[in-house]
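A look at the structure
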Amino acid sequence: MEVKPYFTDFLSNIRLTKNQTDDLKTGHKTLRKRLLEDESISPFIITTFLQGSYRRATAVKPKNNNKSDVDVIVVTNLDSEEYTPQQALDLFIPFLDEHYSGKWKMQGRSIGIELSYVELDLVITSAPSEAQKELLESESVCISESLEELSHWKLTKSWSFSNESSKEEPAWKSEPLLIPDREANKWEETDPLAQIKWTWDKNAACNSHYVNVVKALKWWKKLNPDPKYPKGYPLEHFIGNCCPDNISSVAKGVTLTLENIVSDHPSKPELKDHGVPEHDVFKRITDEEYEEFYNLVSNAASLAREALDCEDKVDSINLWRELFGSKFPEPPSNVTTSQNSSFTKREEPSSSVSGGRFG
Amino acid sequence: MTNHVVPSESLLRGRRATEFIEGITLLNDLEWNESIEKWILHCSLFSDKIKADILPKETEWYILIDNEYPKGSISFYPAKVNGFTQTFPHQMYNGEGNKAYPWRSGMLCLDTNVRTLGRFITNNEPFEEDKRLNWYVERAIYWLIAASLNNLTIDDEPFELVDFPEYSGLKLGFLENYQSFRYWNSTDIKFGIVEFSLILPGTFLVRHFKKPNGQCFREINWGQYASQFKCDNRVIGSWILLKEVPFLEPWQAPSTWEELEAVCDKQGIDLLKKINLLKNKQNYRNKLAHILLVGFPIRNKLSDEDSEIFWKGIEIPILFDFKAGFKRTHLKEKEVITNKSTHHINKYRKINWMHSFNWSKESIMSRGMLPKSLCNSKVLQIGAGSLGASVGELLIRGGVEKLGITDFDLLEMGNITRHTLLINDIDKYKAQSLADKLNRSSLHSKVTSFNGTLQYNLNHNSKELEKYNIILDCTGEDEVLGYLENYTWPHPKRFVSVSLGFGGKRLFFFNSMGLNFPNEIFKEMIRPWLIKEQDHYQGYTFPREGLGCWHPLFPARTDDIWIMAATAVKKLERIHQEQDVPILSVYEQQVTNGAFEGLKLVEEVKFNG
């Protein structure tokens, strides 16, 4: 059974809390303000915007009290021909030391900033094309809201948060941005806006269930940490490829996605990234890891199918709970298996007598 | 959009449990409405058993749930879209409702009192989080089935009036009972003029029913308090008596003039014609309001015969011109002159129904009332001290209408430690202040004060005093009993003397019948008890108030006084069943090891001399 209210509450149990998302927004806004006010760095900054699972509304709560993290793209006007990735990153060091002393560290493709309440991943890009610049500075890109918080959205330069009747402007095509790869010491292509836009469109095609299917399955994967990969964005991308459109519930979406993986991808597929088709999202995943993952999915797929087809609500809820763990709510305590439609037991006398007293 | 208030886990459990009811589909998840401070659950309810020609098998609903769930209220309102527009029994008036909300006003009555639903779902409301919302949802579904099958009421349940949408801020009190019902049945007068008093801001009391020609034929007999108000001549009143409750099927109050007119027409009554006839008799100059009383018979239980008239008030904006309203004819010249702010109300205009109440004694006092024999007695109470004030108040609130109070004393500050009067009564006659207070304690009481000593009043007001049939002494003064012994009443009286022992620990209740008070018998009977009393206070220094002249005070606390006053009333309740021989009853507070155990009747002896 689809047990929709149970899925609703499961999803709100695994989604970032309001406090967590408020922290992300505050972290981002503070960083952005500091960058634009910093005399040495501001001449290089065109704009900053949020990307990552938070922005796409596919983030789930971090486990074990970890902080939630958010990716911030910092678009610079640095020419990738003139600056090496290292040189570009080095420009930010005085700024980081001044505002985030002892809290930042260089990572492979980004600068990690660990605050008391949130982790920011700064991803620096080289200068975009003149045409892209306009789009990158538009409200549709710069807002701090995740896709789920928006009732309407379009990747255009005229889109506005407050105005639902956006002008009839066709969606813009984003271009890949260049980000530094420190180890290889070269600039790498990435297109976060294409990922965001793809997710928005897919979610619309899935009756707004898509991002919830992703969250549910990401949570399922967290409960099954072996193998370690795929997780995060690669897992999300794969789910996106396998989730059918027009699903009527999260329960169906989850089941069909798992089943599609089982039937369509017995061996590791090549996944072309949105916006940068040359990139294989699954490049780093080994065949062994994939095989282990595939077995995990096979078991989950049959469990999900059993839960979905189960005619008894209590049994069905317990099967979903087996798949998704304790964040999936329990069935009501006073209902036994096979008691489907007649919920209120009538034969049992009430244990407490009410009324009969006056004041 | 994000909710700033998050539903509690209890509420989520309740909401999830609805998944186990077949007939409900949630259309929208719980949403917090800040302006009414409720959770809103938008859903549809379905049952195949609903008779589709009366109600759709599937209808949409808004459930308003308290944030304190599983405590607090849960209410079901039909949606404006895909709901229904009729009003059934056990439902509030199902109007359009507030413009700001997507639900109509016709809240369902689903609580335990709607016993008809108990045939399907137990009438015991559960308060567990998994069960409570479901209990309501299931009852709502059965409510819909029952409504569609015309099954919502059962014959032996109390009659429930249609729910009138009360747009008027004015309140109306009338007085009707079974006696007056028979009177209304016997008269041919079915409409006329009515007069009101304004007894509180916005609260009108019906005073006189008059014929269309202005001749008074029924004066309402209210108590002293209401009678002091004159009829308000700034208000025009009309009345019209219908043959039955005005309602539209299934059980909806007429909400517009057009609806009311149609309902009257169905009963063979030409509402407009009668109102216009009356209109011509009324003087509209300098008037503030026009109130129309619409009367109709009602009953106690659904299966009973009609037994009472109910008057529902309508506030008509003044100078409302019915002809203009309904037929759009020209206003008369005279009306135009006084007609500065005429509202041209058309027939689609909503009726301003007033909050209307039957304030008859039977109706108000259905909570609890002394036996009729005592209520109908006329009690002359001697003494308005702490005991007398308490006994008097218990009698008035218990339903005694006619009470006379004599006392010569003025109220002092020290009195109010156990007197029911107030600081602003100080230095006034106790009898006068108590009578005023008791007249304000009941719409039906007629309390008269006789300031001065009993002797003075027996000499000067004997005609007045002789109207009373119970002479109730609450003074504890031997002197008073002496006067009573020496005064011979023209008719036999019931004499009762109530007094307290030391510290209010004993109550002496003496009861006899005759033309005089049998003081010698009383003294003889109470003597052994007074000897016992002496043992208590020998060696005791009586408290004094202030300095100077030695005036001993009688020690007892208010709680002692009240419990004994209440006991005295319990005795008075049965007084008319007693024989005519003198009887002395003694009650005593029982205390063991300092713990109060109650009162005990320690003696009840009849005089056999």
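Residues numbered from 1 in each chain as written. Chains lettered and ligands numbered in written order. Predicted model: local features only at pLDDT ≥ 70, side-chain atom pairs only at ≥ 80, totals over all residues.

**Concerning the overall build of chain A**
Secondary structure summary: chain A contains 13 helices and seven strands in total. Taking the principal axes of the C-alpha coordinates as reference, chain A spans close to 80 × 65 × 45 Å. Within chain A, buried positions represent 39% of all 359 residues. Across chain A, every contact between residues at least 6 apart in sequence was considered, and the portion connecting residues at least 24 apart equals 65%. (Helix = DSSP H or I, 4+ residues; strand = E, 2+ residues; numbered from the N terminus. Buried ≥ 20, exposed ≤ 12 C-beta atoms within 10 Å, placed from the backbone. Contact = placed C-beta atoms within 7 Å.)

**Looking at the overall build of chain B**
Summing up its helical and strand segments, chain B has 17 helices and 20 strands in all. C-alpha atoms of chain B, sized along the principal axes, occupy 85 × 70 × 45 Å. Looking at chain B residue by residue over its 609 residues, the buried ones come to 39%. Expressed as a percentage of contacts within chain B between residues at least 6 apart in sequence, the contacts between residues at least 24 apart total 64%.

**Here we look at the interface of chain B and chain A**
Many analyses report the size of an interface as the accessible area lost when the parts associate. Taken together, the contacts link 22 residues of chain B with 19 residues of chain A. Looking at the side of chain B that touches chain A, the elements with two or more residues in it are α1 (9–17), β1 (24–33) and α2 (132–148) of chain B. Per element, the largest residue contribution to the side of chain B that touches chain A is five residues, and it comes from α1 of chain B. Within the side of chain B that touches chain A, the residues separate by chemical class into eight nonpolar, four polar and 10 charged. (Nonpolar A, V, L, I, M, F, W, Y, C, P; charged D, E, K, R; others polar.)

**Some points on helix α12 (residues 430–439) of chain B**
Residues spaced three or four apart along an α-helix face the same direction, because each turn holds 3.6 residues. Of all 10 residues making up α12 of chain B, seven are buried, and the element is well covered by its neighbours. For α12 of chain B, the full list of buried residues reads Lys430, Ala431, Ser433, Leu434, Ala435, Leu438 and Asn439 of chain B.

**Considering helix α13 (residues 313–324) of chain A**
All names here are of chain A. Between its first and last C-alpha atoms α13 spans 16 Å; for 12 residues at 1.5 Å apiece the expected length is 16 Å, and the two agree. Of all the positions in α13, only Lys313, Val314, Ser316, Ile317, Leu319, Trp320, Leu323 and Phe324 are classed as buried. Looking at the buried side of α13, the elements it contacts are α1 (4–14), α9 (210–223) and α12 (287–309). A positive phi of about 80° marks Gly325, the residue just after α13. (Expected span 1.5 Å × (residues − 1).)

**Structural notes on the sheet that holds strand β5 (residues 119–125) of chain A**
Residue and element names in this part refer to chain A. Read across the open sheet, the five strands follow the order β1-β2-β5-β4-β3; overall the sheet is mixed. Looking at the sheet topology across the chains shown, the edges are occupied by β1 (45–51) and β3 (104–106). With strand direction ignored, the average angle separating the axes of adjacent strands in the sheet is 25°. In terms of strand pairing, β1 meets strand β2 (residues 69–76) through six bridges, oriented antiparallel. Along β2, the bridge assignment pairs Gln51 with Asp71. Lying on the sheet, helix α2 (residues 18–37) is in contact with β1, β2 and β5; it crosses β2 at an angle near 25°. (Pairing = 2+ DSSP bridges. Axes fitted to C-alpha atoms, helices over the stretch in contact; angles between N-to-C directions.)

**Focus on the domain arrangement of chain B**
Residues and elements named next belong to chain B. According to the domain assignment, chain B contains domain 1 (9–148), domain 2 (171–364) and domain 3 (368–606). A C-alpha centroid distance of 36 Å is found between domain 1 and domain 2. With six residues of domain 1 at the interface, the matching set in domain 2 holds five residues. Looking at the side of domain 1 that touches domain 2 residue by residue, the classes come out as three nonpolar, three polar and no charged. (Domains from an automatic or database assignment.)

**Quick word on the environment of Asn286 of chain B**
Residue and element names in this part refer to chain B. The topology assignment puts Asn286 in the loop between α6 (271–279) and β10 (289–298). According to the C-beta neighbour criterion, Asn286 is exposed, with 9 such atoms within 10 Å. For the pair Asn286 and Val235, spaced 51 residues apart in sequence, the C-alpha to C-alpha distance is 9.0 Å.

**Here's the deal with the nonpolar core**
Ranked by size, the top nonpolar core spans 82 residues in total, and within it Val72, Val213, Ala216 and Trp320 of chain A carry the most contacts. Broken down by element, this core gets its largest block of residues, eight residues, from α9 of chain A. Of all hydrophobic cores here, the second largest spans 51 residues; its members include Leu434, Ala435, Val498 and Ala565 of chain B. (Core = buried A, V, L, I, M, F, W, Y, C linked by C-beta atoms within 7 Å.)

**Regarding the sheet that holds β1 of chain B**
Residues and elements named next belong to chain B. A sheet is described by the order of its strands in space; here four strands give the open sequence β1-β2-β3-β4, paired in antiparallel fashion. Lying at the two open borders of the sheet, with one neighbouring strand each, are β1 and β4 (74–78). Strand-to-strand twist across the sheet, computed as the mean angle between neighbouring axes with direction ignored, equals 25°. Summarising the sheet, β1 and strand β2 (residues 38–46) pair through seven bridges and their orientation is antiparallel. Across the sheet, residue Trp32 finds its bridge partner in β2, namely Trp39. Lying over the sheet, α2 contacts β1, β2, β3 (58–65) and β4, oriented at roughly 35° with respect to β4.

**A word on the environment of His576 of chain B**
Tracing the sequence through the fold places His576 of chain B in the loop between α17 (558–572) and β19 (583–592). Between the C-alpha atom of His576 of chain B and that of Pro528 of chain B, which follows or precedes it by 48 residues, the distance is 27 Å.

**Description of the packing of α9 of chain A against helix α11 (residues 250–264) of chain A**
All names here are of chain A. One can describe the packing of α9 onto α11 by two numbers: an axis separation of 9 Å at closest approach and a directional angle of 60°. Helix-helix and strand crossings are classified by hand; for α9 and α11 the assignment is right-handed. Residues Asn212, Val213, Ala216 and Leu217 of α9 form the contact with α11, whose own contacting residues are Val250, Gly253, Val254 and Thr257. (Left-handed = near helix turned anticlockwise from the far one by under 90°.)

**A closer look at the pairing of strand β8 (residues 216–219) of chain B**
Residue and element names in this part refer to chain B. By the bridge criterion, three bridges tie strand β7 (residues 203–210) to β8 in an arrangement that is antiparallel. In the sheet register, His208 faces β8, and the bridge partner there is Glu219. Counted between consecutive antiparallel strands, the loop separating β7 from β8 contains five residues, among which Gly214 sits at a positive phi close to 95°.

**A closer look at the confidence of the model for chain B**
Residue and element names in this part refer to chain B. On average, chain B scores 90 in pLDDT, and the residues at 70 or more come to 93%. Segment residues 320–345 is flagged for pLDDT under 50; beyond a separation of four residues in sequence, or across chains, it makes 33 contacts in the model. In the predicted assembly, ipTM is 0.79 and pTM is 0.83. (pLDDT = per-residue confidence, 0-100.)

**Quick notes on the pairing of β7 of chain B**
Residues and elements named next belong to chain B. The element β7 is extensively covered by neighbouring structure, given that six of its eight residues are classed as buried. For strand β5 (residues 171–174) and β7, the ladder comprises three bridges, and the chain directions are parallel. Following the sheet pairing, Lys171 is matched in β7 by Thr203. Connecting strand β6 (residues 191–200) to the next strand, β7, in antiparallel fashion are two residues, including Gly202 with a positive phi near 80°.

**Details of unusual backbone geometry**
Following Tyr229 of chain A, the chain continues into Pro230 of chain A via a peptide bond in cis, with omega recorded as 0°. Position of Pro230 of chain A among the secondary structure elements: in the loop between α9 and α10 (232–242). Of note, the amide linkage connecting Glu249 of chain B to Pro250 of chain B takes the cis form, showing an omega dihedral of -5°. Tracing the backbone through its elements, the reader meets Pro250 of chain B in the loop between β9 (235–241) and α5 (257–266). The backbone of Asn207 of chain A shows a phi angle near 55°, a positive value even though the residue is not glycine. For Asn207 of chain A, a count of 13 C-beta atoms within 10 Å puts it in the partly exposed group. Positive phi values are uncommon outside glycine, yet Ser208 of chain A reaches one of about 65°. Examined against the element boundaries, Ser208 of chain A turns out to sit in the loop between α8 (192–205) and α9.

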